[in-house]
Amino acid sequence: MKFSAIALALAAALAATPAAAQGGDTKAELAKLKPKDFPTEPIEFTVVYPAGGGMDVTGRLLAKTVEKVSGDRIIVNNRTGGAGMVGHTYLATQAKPDGYTVGVIANLMWGDAMLRAQNRWAYTDLEPIGYINSDALIWIGSTEGPYKGMSVKQIVQTAKDKPNTVRIATVPGSMWDYIVDQIEANFGAKFLRVPFQGGGAGITALIGGNVDIAQGFYSEFRGHLEAGKVAPLGVAAPDRMDFLKDMPTMNEALGGNEYQWIIIRFAVVPKGTQADRKAYLGAAVQAAMKDPELIAEYKKAGVYFDSKLTNPATMLQNLNAYATREKEFYQKTGRLK
Amino acid sequence: MDAINGLMHGFGVILTLQNLYLCLLGSLIGTLVGVLPGVGPMAALALLLPVTFTLQPVGGMVMLASIFYGAMYGGSTTSILLNIPGEAASVVTCLDGHKLARQGRAGAALGIAALGSFFAGTLGVIIMTFFAPAIAALAIRFGPPENFGLMVLGLVCTLYMITGSPVKGVLMIALGFLCAAIGLDVVNGRERFTFGSVDLSAGIELLAVVIGLFGVSEVLSNVETMAKSTLVSDKIRGLWPTLDDWRQSWKPMLRGSGLGFVLGLVPGGGPVTASFMSYALERRVSDTPERFGEGAIEGVAGPESANNAAVAGSLIPVLSLGIPGNPVTALLLGALVIHGIQPGPLFVTQRPDLFWGIVASMYVGNVFLLLLNLPLVGLWAQLLRIPYRVLFPVVLLLSVIGTYSANKNVFDLWVMLGFGIAGYVLRKLEYDLAPFVIAFVLAPMLEQSMRQSLAMSADGAMIFFQRPGTALLLAASAVLVALMFRRKRKTEGGMP
Amino acid sequence: MFERALNAFWIALGAAAAAYAWTLGVMGPSGPDSGLFPLIASIIIAGSGVALMLQRSSLAPSPDFPRGAALWRVGGVIAGLALFAIGIPYLGFAITGAITMLILLRTVEQSSWAMSVLLAIASVIAVVWLFGHLLGMPLPRGPWGF
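Before going further, it helps to examine the overall build of chain C. Of the regular secondary structure elements, chain C holds 4 helices and 2 strands. What you see in chain C, going N to C, is helices and strands ordered as α-β-β-α-α-α. For chain C, whose C-alpha radius of gyration is 23 Å, the value lies well above the compact-globule estimate of 15 Å for 146 residues. Principal-axis analysis of the C-alpha atoms gives chain C an extent of 60 × 50 × 25 Å. The buried share among the 146 residues of chain C stands at 34%.

Before going further, it helps to spend a moment on the overall build of chain A. The secondary structure content of chain A amounts to 13 helices and 10 strands. A compact globule built from 337 residues would reach a C-alpha radius of gyration of about 20 Å, and chain A, at 20 Å, matches this within 12%. Judged by the C-alpha coordinates and their principal axes, chain A covers about 65 × 50 × 30 Å. A separation of at least 24 residues holds for 74% of the contacts in chain A among residues at least 6 apart in sequence.

Moving on: the pairing of strand S2 (residues 74-78) of chain A. Across the 5 residues that make up S2(A), a large majority, 4, are buried. In this region the chain leaves strand S1 (residues 43-47) of chain A, passes through helix H2 (residues 54-70) of chain A and returns to the parallel neighbour S2(A); the handedness of that crossover is right-handed.

Along helix H8 (residues 218-226) of chain A, the positions that sit buried rather than exposed are A:Tyr218, A:Glu220, A:Phe221, A:Arg222, A:Gly223 and A:His224. If you follow the buried residues of H8(A), they end up packed against H2, strand S5 (138-142), helix H7 (199-207), strand S8 (213-216) and strand S9 (230-235) of chain A together with helix H16 (347-350) of chain B. Remark: A:Gly228 follows H8(A) within two positions and exhibits a positive phi of approximately 75 degrees.

Before going further, it helps to spend a moment on the interface of chain C and chain B. Counting from both sides, the interface comprises 47 residues of chain C and, opposite them, 41 residues of chain B. Looking at the side of chain C that touches chain B, the element that brings in the most residues is helix H3 (residues 68-109) of chain C, giving 18 residues. Of the residues belonging to the side of chain C that touches chain B, the class tally is 35 nonpolar, 9 polar and 3 charged.

The next point concerns the interface of chain A and chain B. Across the boundary between the two partners, chain A contributes 46 residues, which contact 46 residues of chain B. Elements with a contribution of two residues or more to the side of chain A that touches chain B: H2, helix H3 (85-94), strand S7 (192-195), H7 and H8 of chain A. Residues that form the side of chain A that touches chain B fall into these classes: 17 nonpolar, 19 polar and 10 charged.

So, on to the packing of helix H9 (residues 166-181) of chain B against helix H20 (residues 434-456) of chain B. Residue and element names in this part refer to chain B. Two elements in contact, H9 and H20, have axes whose closest approach is 7 Å; the angle formed by their N-to-C orientations is 40 degrees. In terms of orientation, H9 and H20 fall into the oblique class. In this structure, H9 meets H20 at a crossing whose hand is right-handed. Between H9 and H20, the contacting residues are Gly169, Met172, Ile173, Leu175, Gly176, Phe177, Cys179 and Ala180 on the first element and Pro435, Phe436, Val437, Ala439, Phe440, Ala443 and Pro444 on the second.

Right, let's get into the sheet that holds S1(A). Residues and elements named next belong to chain A. Ordered in space as S2-S1-S3-S10-S4, the 5 strands form an open sheet in which the pairing is mixed. Strands with a single pairing partner mark the edges of an open sheet, and in this sheet they are S2 and strand S4 (126-136). On average, each strand axis in the sheet is tilted by 20 degrees relative to the strand beside it, whichever way the strands run. One ladder, built from 4 bridges, connects strand S3 (residues 101-106) with strand S10 (residues 262-270); its direction is antiparallel. Looking at S10, one finds that valine 104 is bridged to alanine 267. In the packing of H2 onto the sheet, contacts are made with S1, S2, S3, S4 and S10, and the angle to S2 comes to roughly 170 degrees.

This next bit is on helix H11 (residues 206-224) of chain B. All names here are of chain B. The end-to-end C-alpha separation of H11 is 26 Å, in line with the 27 Å expected for 19 residues at 1.5 Å each. Approximately 35 degrees is the largest bend angle found in H11, and it occurs at glycine 212. By the criterion of burial, H11 is predominantly enclosed, with 17 of the 19 residues buried.

Residue and element names in this part refer to chain A. Following phenylalanine 38, the chain continues to proline 39 via a peptide bond in cis, the omega torsion being -10 degrees. With respect to the element layout, proline 39 can be found in the loop between helix H1 (2-33) and S1. The phi angle at asparagine 164 is positive, at roughly 60 degrees, despite the residue not being glycine. Within the secondary structure, asparagine 164 is located in the loop between helix H5 (152-161) and strand S6 (167-170).

All names here are of chain B. At a closest axis distance of 7 Å, the pairing of H11 and helix H19 (residues 411-428) adopts a crossing angle of 55 degrees. For the element pair H11 / H19, the angle class is oblique. When you trace H11 past H19, the crossing you get is right-handed. On H19, the residues that touch Ala208, Val209, Ile211, Gly212, Leu213, Val216, Ser217, Leu220 and Ser221 of H11 are Asp412, Val415, Met416, Leu417, Gly418, Phe419, Gly420, Gly423, Tyr424 and Arg427. In the contact of H11 with H19, the residues fall into 11 nonpolar, 6 polar and 2 charged.

Residues and elements named next belong to chain C. Within the element layout of this structure, methionine 53 appears in helix H2 (residues 36-54). Overall, the presence of 16 C-beta atoms within 10 Å leaves methionine 53 in the partly exposed class. In sequence terms methionine 53 and leucine 6 are 47 residues apart; their C-alpha atoms lie 9.4 Å from each other.

The next subject is the pairing of S6(A). Looking along a regular strand, one sees the side chains alternate between the two faces of the sheet. All names here are of chain A. The alternating pattern of S6 places Arg167 and Ala169 on one face and Ile168 and Thr170 on the opposite face, and all of these are buried. Strand direction decides the pairing type here: S6 and S7, joined by 4 bridges, are parallel. Each bridged residue has a counterpart across the sheet, and for isoleucine 168 the counterpart in S7 is arginine 193.

Another aspect to go through is the confidence of the model for chain C. Low pLDDT means the predicted atomic positions in that stretch should not be read closely. Residue and element names in this part refer to chain C. The predicted model of chain C averages 84 in pLDDT, with 90% of residues at 70 or higher. Looking across chain C, the model is least confident in strand S2 (residues 31-32), with a mean pLDDT of 80, and most confident in H2, with 93. Taken together, the chains of this predicted complex give a pTM of 0.81 and an interface ipTM of 0.91.

Time to look at the nonpolar core. Inside soluble globular proteins, nonpolar side chains tend to come together where they are buried. Among the nonpolar cores identified, the biggest contains 321 residues, and A:Ala284, B:Ala44, B:Leu45, B:Ala65, B:Ala109, B:Phe177 and B:Val437 are the most heavily contacted of them. Among the elements that take part in this core, helix H7 (residues 106-139) of chain B stands out by supplying 17 residues, more than any other. Among residues more than four places away in sequence, those in contact with B:Phe177 are B:Ala439, B:Ala443, C:Phe37 and C:Ala41.

Calculation criteria
Residues numbered from 1 in each chain as written. Chains lettered and ligands numbered in written order. Predicted model: local features only at pLDDT ≥ 70, side-chain atom pairs only at ≥ 80, totals over all residues. Helix = DSSP H or I, 4+ residues; strand = E, 2+ residues; numbered from the N terminus. Rg over C-alpha atoms; globule rule 2.2 N^0.38 Å. Buried ≥ 20, exposed ≤ 12 C-beta atoms within 10 Å, placed from the backbone. Contact = placed C-beta atoms within 7 Å. Right-handed = clockwise from strand over helix to strand, strands pointing away. Nonpolar A, V, L, I, M, F, W, Y, C, P; charged D, E, K, R; others polar. Axes fitted to C-alpha atoms, helices over the stretch in contact; angles between N-to-C directions. Parallel < 35°, antiparallel > 145°, perpendicular 65-115°, else oblique. Left-handed = near helix turned anticlockwise from the far one by under 90°. Pairing = 2+ DSSP bridges. Expected span 1.5 Å × (residues − 1). Bend = angle between axes of the 7 residues up to and from the residue. pLDDT = per-residue confidence, 0-100. Core = buried A, V, L, I, M, F, W, Y, C linked by C-beta atoms within 7 Å.

Take a look at the structure:
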């Protein structure tokens, strides 16, 4: 509790100055951008993962704040199925590009577009209008059992010396799996990969002693960390996390620079949305992202803000760079021809 | 006594006018969404989540929890009256509940459903009050191998459910497995039987299947003979359960509560599985299994108790460990996070007001729900006096909207229509539809748990025998199969 | 006759699904692959079809399928639901619902025009109010905004 109070105070202090100065301005500016005939009915925020998950909470908090800064009514709608594929396809191919549909999605959409969409749609069919936040994949171990107290390096070594003994929870065909691919290829290790449908189920299995290593986001295991049930081993991000300074990055722990697996959350509209409506929606999302309360809420969930993306002017360019980087990974590993 | 103190503290927290009002409101909404087909607790919770933003965390969580268990009360209503399940956990209630309604005994079925729900819900909260942390620690160790054992046991119970031709029954089970395979492979994310269709890649929606198989095919059968008959026999016999109904129901309620509670606890279980398993169990232990499917009150009492007990069971890992076992509890977890509360093992000690407040509210909520639902029994039963010719277009409208609201995908309507026609034809040919639905529900979990177990095992299938829980469940399944063959030989031997 | 055709269908379905499941791969490096479960299910379906085919035909039920007016009513309901699925993306829920109800009431149920219109509109309004308004469910809208 104390911890979150500090985080909250910190976040508020960080965010307060610019936002307080801009508070009135952003609203006025937003009103200037508002098209005459829009919106006349509620705007639908589409979340492609089930209600209650990290993505859903992100979307609902954003919707709440966008409602506050713009005064427009927002409905959050979960279009789920096929691990996000159904919702992504809906947004890219079926949703009307009239400004009433906004997708709150993550970069997992790129993988769907590149590997599974079979040319029915491409990631460029969804145009980013605002960056939300980033969340890095973290390896966690149990504080009980044979691997307690081991570092990432030691665990990888064990998986090499005694192949097929270390059990790791993964989500097949996604970054949970790719990072294990990288490590196995680089070190000649072999893990027992136990497939789950999401990161949360893997953490449950870790606490139940059914796997040895789980991978997840800070918000997913924070409660268990505070209770001393799990130990963070390494984060797949370029830098250490502010709230877990002692935890090394995977790059530090294993020596390399390719162990970066990050969820980037952003808002999109379907391609072809009228320019004025798109600009207005983008401004509304960006204005919401300056709200100190929202930033504090997000920080509490353990996410961080990528400085390359927080600036609207360079956001698109840098997002595309990330997408290209992911594409290269798929090409290099033979997943994409 | 810690638990007693805690509970007293909890009552102190929720016995305010506002919190009681929110509990009542949640019960009302829960009953409503339970009654309305398609809109289950999941959809209702997602829709009402924003409303609770403005409330205090205690009030908000009390309301959301009461919607969850309230839906289990209401869910049986349309199952019994119209053969359209109100939500997935009430699918099996259609089988005997609707038969009872057609025999003019809708009141008895509805009454037993409400009382069973109350009984199981209250029993579940009592167990929760005293043993929550201990049970949660045990349940969490339940891993893929144990789940596999449980699913095998469930499948064996399904074999007992087959009526009529055993070959046709087995065929329907296999067909359920095949239909469940459509979509993304849960284990490795590969597409199966999708033929490039995005709609199929999401898999076939359970609600579309059951509303089609039970609701639409029922309408088709009824309109065919509409000239001759109305929905129910002219005389509605008794609006209340008789003493006889009671005698037959109390044991199933007790068994259903126990089974439901355990299934709610374990990761991956929940009200839906609980209700199916309870039906299969009741049929297995009954002296007169042939009555099942023809209007056996036990077939209502067991599953309706089981799904309520499962709600109480599934709240334990969420509240005491922060671990959700099914989508609805995952949503409750999300709600806590949005309210700025960190769920986890420390939740009970850090926020005793919230934990005990929710527990206390469940005692109150169950009483509210009983008082709310019992008077409705008479009203609902009267609904069947409406001539079917007026009722059936409304039934179709509800089927369509119920199916559509699950995923907001028009494709599901085609699935519903397809299964409606298939159900209509197959019933004419004396195929049993219940084993199909149960196999359809169990198949993904059976497959996933088996493949997960083998993936986490260093020495292959031996894992099933190394884990005592799994070995026990598999042994029980083997005994049941052996008993089935013995019984069959007996009946065959008895024939001249 | 119909029974036999259905049995043949089960055999064909089982065989086709089994062939497809085989292409998914039956055993992988870490145990069963995607194809194993569907393959087993398909083989059981085809096998059951064969078993049913071999049963004495006197055991097979001879269903009476609807004729005349009854067939008309059953067909009407199926057509109505199909119309629903086709119309929703273009006309929205309310309009499609009202039209379908009207047609069903007129053909299947053969109530009077006035009664049909009244019932159709009343039930659609009730359902849209309950789901769309009270529960805040986003129902598909037509070109006229409802």
